[in-house]
Amino acid sequence: MPGLLRGVARTAVVAGTATAVSNRVSRRQAGRWAEQDRERQLAYQQDVAPPAPAAPAAQQTTGDDMTRKIDQLKELGELKARGVLTDDEFEAQKRRLLA
């Protein structure tokens, strides 16, 4: 009887370990796929975004424009802090916003 119990216990340990490893691999792969989706979506948004109209050289930025840009920069910073944007994505969006 002890041999049978030992065999059942060993099978349970092996099955539990295999399940844990399988779940970890699945989560890691899902994370990679989600990151690829985010990168594709960001690239698509950058490609599809209409070009900003060229401002005349004599026209100055109004206070409302500056406030909007500051708000957008804060939002980008929050997205970066939460891990939604990578450093490169953040820099690209910041350059686009300030251009």
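Placed above this text is the structure.
This structure is a prediction, so every number in the text was calculated from the model and none was measured.

Some points on the overall build of the chain
The secondary structure content of the chain amounts to three helices and zero strands. Secondary structure elements of the chain, listed N to C terminal, follow the sequence α-α-α. Here the chain holds 99 residues, and 8% of them are scored as buried. About 8400 Å² of surface is accessible on the chain, with carbon and sulfur atoms providing 58% of the total.

Details of the side chain of E89
Position of E89 relative to the elements: it lies in helix α3 (residues 87-98). The side chain of E89 sits in the buried core without any salt bridge; R38 is the nearest counter-charge, 6.4 Å away. Here E89 is in contact with E39, L42 and V84, once residues within four sequence places are set aside.

Cut-off values and rules
- Residues numbered from 1 in each chain as written.
- Predicted model: local features only at pLDDT ≥ 70, side-chain atom pairs only at ≥ 80, totals over all residues.
- Heavy atoms only, no water.
- Helix = DSSP H or I, 4+ residues; strand = E, 2+ residues; numbered from the N terminus.
- Buried < 20%, exposed > 50% of the residue type's maximum accessible area, 1.4 Å probe, protein only.
- Areas by Shrake-Rupley, 256 points an atom, 1.4 Å probe, with all protein chains shown as cover.
- Lys, Arg positive; Asp, Glu negative; His and termini not counted.
- Salt bridge = Lys/Arg side-chain N within 4 Å of Asp/Glu carboxyl O.
- Contact = heavy atoms within 4.5 Å.

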